[in-house]
Amino acid sequence: TGDGLTDPAAWVSRDGRTWRLVPLHRGDYVRARVSDVQRVRGVLLASGWVLAKGGTRTTRAVWRSTDDGEHWKLAAFGGTFAESRTAAGGAEFLQLVLADDHRTLTLWRSADGLAWTQSPVAVDGLADGMEVSLNDALVHDGALQLLLTVQNRLDAVTVVQRVPL
């Protein structure tokens, strides 16, 4: 939220009825955007991207709060990416990242929003000459449910893929 590109912000609520818009600092980055906010235990994690001055590609970023959104700390990840989606799965944050090649999916997991582990996710039915788009991700019945579009130059199909957790 915010202006969408230079002033990232997050809506936060302590009771689920009263909400407030909290600005998130973008540090030395010239642009930033927040796409979603998740909570695991007492940690809020806002996910999005940042763009460095003179840069042409965005870098994946998270803003983390341990005091119900009063204060946030920005952390940027190395490298570039095409798309990402974040979900809360029980006691951990789950972030699915689609690489620039539009074929490689990686699942990042963290219990605290600070230390992350990664593992590859094979896309069912992805053959040579095809690309994938990451549309959405959510946790249901102990698995990460992915809404993906698999496409080639002539055709595209949207599928749901289950990733056991």
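Note: the structure precedes this text.
Throughout what follows, the structure given in this document is the object of discussion. All values reported here derive from a predicted model rather than from experimental measurement.

As for the overall build of the protein chain
Looking only at helices and strands, the protein chain features zero helices and 13 strands. The principal-axis extents of the C-alpha atoms in the protein chain amount to approximately 45 × 40 × 30 Å. In the protein chain, which comprises 165 residues, the share counted as buried stands at 41%. Across the protein chain, the fraction of contacts at a sequence separation of at least 24, relative to all contacts at a separation of at least 6, is 35%. Here the protein chain holds 18 positive side-chain charges and 19 negative ones, and the gap between their average locations is 4 Å.

Points about the sheet that holds strand E4 (residues 43-51)
Taken together, the four strands give an open sheet; going across it, the order is E3-E4-E5-E6, and neighbouring strands pair in antiparallel fashion. Strand pairing shows two members of the sheet lacking a second neighbour, strand E3 (31-40) and strand E6 (73-76), which therefore form its edges. On average, each strand axis in the sheet is inclined to that of its neighbour by 25 degrees, with strand direction left out of account. In the sheet, strand E5 (residues 59-65) pairs with E6 via four bridges, with the strands oriented antiparallel. In the strand pairing of E6, arginine 64 is matched with lysine 73.

Examining the nonpolar core
Generally speaking, soluble globular proteins have nonpolar side chains that are buried together. Counting 18 residues, the largest nonpolar core has Leu96, Leu105, Val121, Val123, Leu144, Leu146 and Leu148 as its most contacted members. Counting only elements with at least two residues in this core, the list comes to strand E8 (92-98), strand E9 (105-110), strand E11 (131-140) and strand E12 (143-151). The element that contributes the greatest number of residues to this core is E12, accounting for four residues. Ignoring sequence-local partners within four residues, the contact set of leucine 96 consists of Glu83, Ser84, Arg85, Leu105, Thr106, Leu107, Val121, Leu134, Leu144 and Leu146.

Things to note about the side chain of arginine 60
Looking at the element boundaries, arginine 60 is found in strand E5. At 10 Å, aspartate 100 is the nearest oppositely charged side chain to arginine 60, a buried residue that forms no salt bridge. One polar contact links arginine 60 to glutamine 95, side chain to side chain, over a distance of 2.3 Å. Each residue touching arginine 60, except ones within four places of it in the same chain, is listed here: Gly48, Trp49, Ala75, Ala76, Phe77, Gly79, Phe81, Ser84, Gln95, Val97 and Trp108.

Re the sheet that holds E12
The strand order E11-E12-E13 describes an open sheet built from three strands, whose pairing is antiparallel. Each edge of the open sheet is held by one strand with a lone partner, namely E11 and strand E13 (156-164). Each strand axis lies, on average, 20 degrees off the axis of its neighbour in the sheet, ignoring direction. Bridge count between E11 and E12: nine bridges; the pairing is antiparallel. In the strand pairing of E12, glutamate 131 is matched with glutamine 151.

What counts, and where the lines are drawn
- Positions within a chain are numbered from 1, following the residues in the order the chain's sequence is written.
- Two thresholds apply to this predicted model, a pLDDT of at least 70 for residue-level local features and 80 or more for giving and counting side-chain atom pairs, whereas whole-chain, interface and lining totals are computed over all residues.
- Side-chain calculation: all heavy atoms of the structure are included, whereas hydrogens and water are not.
- Put simply, DSSP H or I for four residues or longer makes a helix, DSSP E for two residues or longer makes a strand, and each gets a number counted from the N terminus.
- Think of it in three bands: residues with accessible area under 20% of the maximum for their type are buried, residues over 50% are exposed, and the middle band is partly exposed, with areas taken using a 1.4 Å probe on protein chains only.
- Only heavy atoms enter the contact rule, under which two residues are in contact if any of them lie within 4.5 Å.
- By the counting rule applied here, Lys and Arg register as positive and Asp and Glu as negative, while His and the ends of each chain are not counted.
- Charge coordinates come from a single atom per side chain, which is NZ of Lys, CZ of Arg, CG of Asp or CD of Glu.
- For two strands to pair, DSSP has to find at least two bridges joining them.
- Convention adopted: a line fitted to C-alpha atoms gives each axis, helices being fitted over their contacting stretch, and angles between N-to-C directions are expressed from 0 to 180 degrees.
- For our purposes a nonpolar core is just a set of buried Ala, Val, Leu, Ile, Met, Phe, Trp, Tyr and Cys residues, chained together by side-chain atoms within 4.5 Å.
- One side-chain nitrogen of Lys or Arg within 4 Å of one carboxyl oxygen of Asp or Glu is enough to make a salt bridge.
- Two N or O atoms form a polar contact when they lie within 3.5 Å of each other; inside protein one atom must be a possible hydrogen donor and the other a possible acceptor, and for residues adjacent in sequence the pair counts only when both atoms belong to side chains.

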